[in-house]
Amino acid sequence: MTDTTDQSRKGRVAVLGAGTMGAGIAQVAATAGFSVALFDVSKGQLDKARASIAQSLEKLASKAKIDAATKDRALSSIVTYDSVEDASRDASFVIEAAPERMELKRELFTAVDRAAPADALLASNTSSLSITEIASVVRDPSRVMGMHFFNPVPLMELLEVVRGVRTTDANVDRAVTFAKTLGKTAIVVRDFPGFATSRLGVVIGCEAIRMLEQGVASAEDIDRAMELGYRHPMGPLKLGDLVGLDVRLAILEHLHAELGEQFRPPALLRQMVRAGKLGKKSGEGFYKWTADGPQKP
Ligand code: NAD
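Residues numbered from 1 in each chain as written. Predicted model: local features only at pLDDT ≥ 70, side-chain atom pairs only at ≥ 80, totals over all residues. Heavy atoms only, no water.

Engineer: What is the right way to read the domain arrangement of the protein chain from this model?
Structural biologist: When the parts come together, some accessible area is lost, and that loss is often what is quoted as the size of the interface. Splitting the protein chain by domain gives domain 1 (12-190) and domain 2 (198-286). A C-alpha centroid distance of 25 Å is found between domain 1 and domain 2. Across the contact, eight residues belong to domain 1 and eight residues belong to domain 2. Regarding the contact of domain 1 and domain 2, the summed buried area is about 660 Å², with carbon and sulfur atoms giving 55% of it. When the buried surface of domain 1 facing domain 2 is broken down by residue, Ser127, Ser128 and Asn151 rank first, second and third, together holding 53% of it. Run the count over domain 1 and domain 2 and you get zero salt bridges. The tally of links between domain 1 and domain 2 comes to three residue pairs in polar contact (both at pLDDT 80 or more). Looking at the side of domain 1 that touches domain 2 residue by residue, the class counts come to two nonpolar, five polar and one charged. (Domains from an automatic or database assignment. Contact = heavy atoms within 4.5 Å. Buried area = accessible area lost by both parts, 1.4 Å probe. Salt bridge = Lys/Arg side-chain N within 4 Å of Asp/Glu carboxyl O. Polar contact = N/O pair within 3.5 Å; in protein donor to acceptor, adjacent residues only side chain to side chain. Nonpolar A, V, L, I, M, F, W, Y, C, P; charged D, E, K, R; others polar.)

Laid out in structure tokens, this is it:
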């Protein structure tokens, strides 16, 4: 059981974007004892995030992973905002989890640079984009880094800390300590397209989609190949659904432009995204998703 009985607040974490990842990051920060300012441009998304966090905390409490007091305290320490400046104002850590588009991230960091305290760490949860480029809009790029969390954030142990060209050692150390406070294990990687995790992960995911296009096997059997043959906890197509196929496509487009042909997005993936089949979040991807989880495609 996570021991979070310490009532003293550890400072404020601002999370920008309340989608799949932002909601999860807000939850783990609140559970670890931080007060959390959660910002999104969509009011509906903020409501949805709060409901999903409440449901996830309830589930963890029912499995005795956290106690009831921690659950209640975590939920009450998350405050939602419709202004990025207000959310960032008193933060010690700002973590951006908005869509995977460089111009959007640059806009957010420009606003955060003006609003957040001068000693706050500014992090992006980007899966693939250049931290150094995001940092270029900030007056002090030494405090900008990647903090790449994994989905579902409350369950996944890894935090990939990405060091931009100008990020200082002291700030990387602060990020690694922060990861520990959240109960995560950090790895530190250099800012290079796809970092360590996305670059390896999307190769398998992309190849699995090509195999489905070529009729090599069914989606279920391709997933079983990796689950039973290689002990992956989840097959690559199911994982793609969980990540979000629109998110996967954005990562592949970026890595294709940066690293070349092996990352060219498969036509099937593009078609599915155009059709609104985004995976778990839209209810259908390579699988149909219900309250009971992924169903046979
Ligand atoms: P998502 O589509 O689920 O959520 C994005 C959220 O950002 C939405 O709620 C949207 O309303 C909000 N948003 C849009 N414009 C905004 C703005 N200007 N300011 C603030 N919020 C805005 O996406 P996600 O899956 O949570 O991904 C977010 C980031 O995390 C991306 O950079 C992605 O590459 C990265 N990431 C995703 C995963 C994953 O498994 N989904 C894993 C690791 C990293």
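Engineer: For this particular structure, what's the right way to read a positive patch on the surface?
Structural biologist: A cluster of basic residues, Lys59, Lys63, Lys65 and Lys280, forms a positive patch on the protein surface. Structurally, the position occupied by Lys65 is in the loop between helix 2 (43-62) and helix 3 (68-76). In this structure Lys65 comes out as partly exposed when scored by relative accessible area, which is 47%. (Patch = residues over 30% accessible without salt bridge, like charges linked within 9 Å, V, L, I, M, F, W, Y side chains within 5 Å. Areas by Shrake-Rupley, 256 points an atom, 1.4 Å probe, with all protein chains shown as cover. Lys, Arg positive; Asp, Glu negative; His and termini not counted. Charge placed at Lys NZ, Arg CZ, Asp CG, Glu CD. Helix = DSSP H or I, 4+ residues; strand = E, 2+ residues; numbered from the N terminus. Buried < 20%, exposed > 50% of the residue type's maximum accessible area, 1.4 Å probe, protein only.)

Engineer: Sorry, what's going on with the site of the ligand here?
Structural biologist: The immediate surroundings of the ligand are formed by 25 residues, with Asp40, Gln45, Glu100, Ser127 and Val243 found nearest. At 2.5 Å, a side-chain N or O of Glu100 approaches an oxygen atom of the ligand. For the shell around the ligand, the elements supplying multiple residues, two or more each, are helix 1 (20-31) and helix 5 (102-115). Here the element with the most residues in the shell around the ligand is helix 5; it accounts for three residues. Considered class by class, the residues forming the shell around the ligand number twelve nonpolar, nine polar and four charged. Each of domain 1 (12-190) and domain 2 (198-286) accounts for three or more of the residues forming the shell around the ligand. (Near = heavy atom within 4 Å.)

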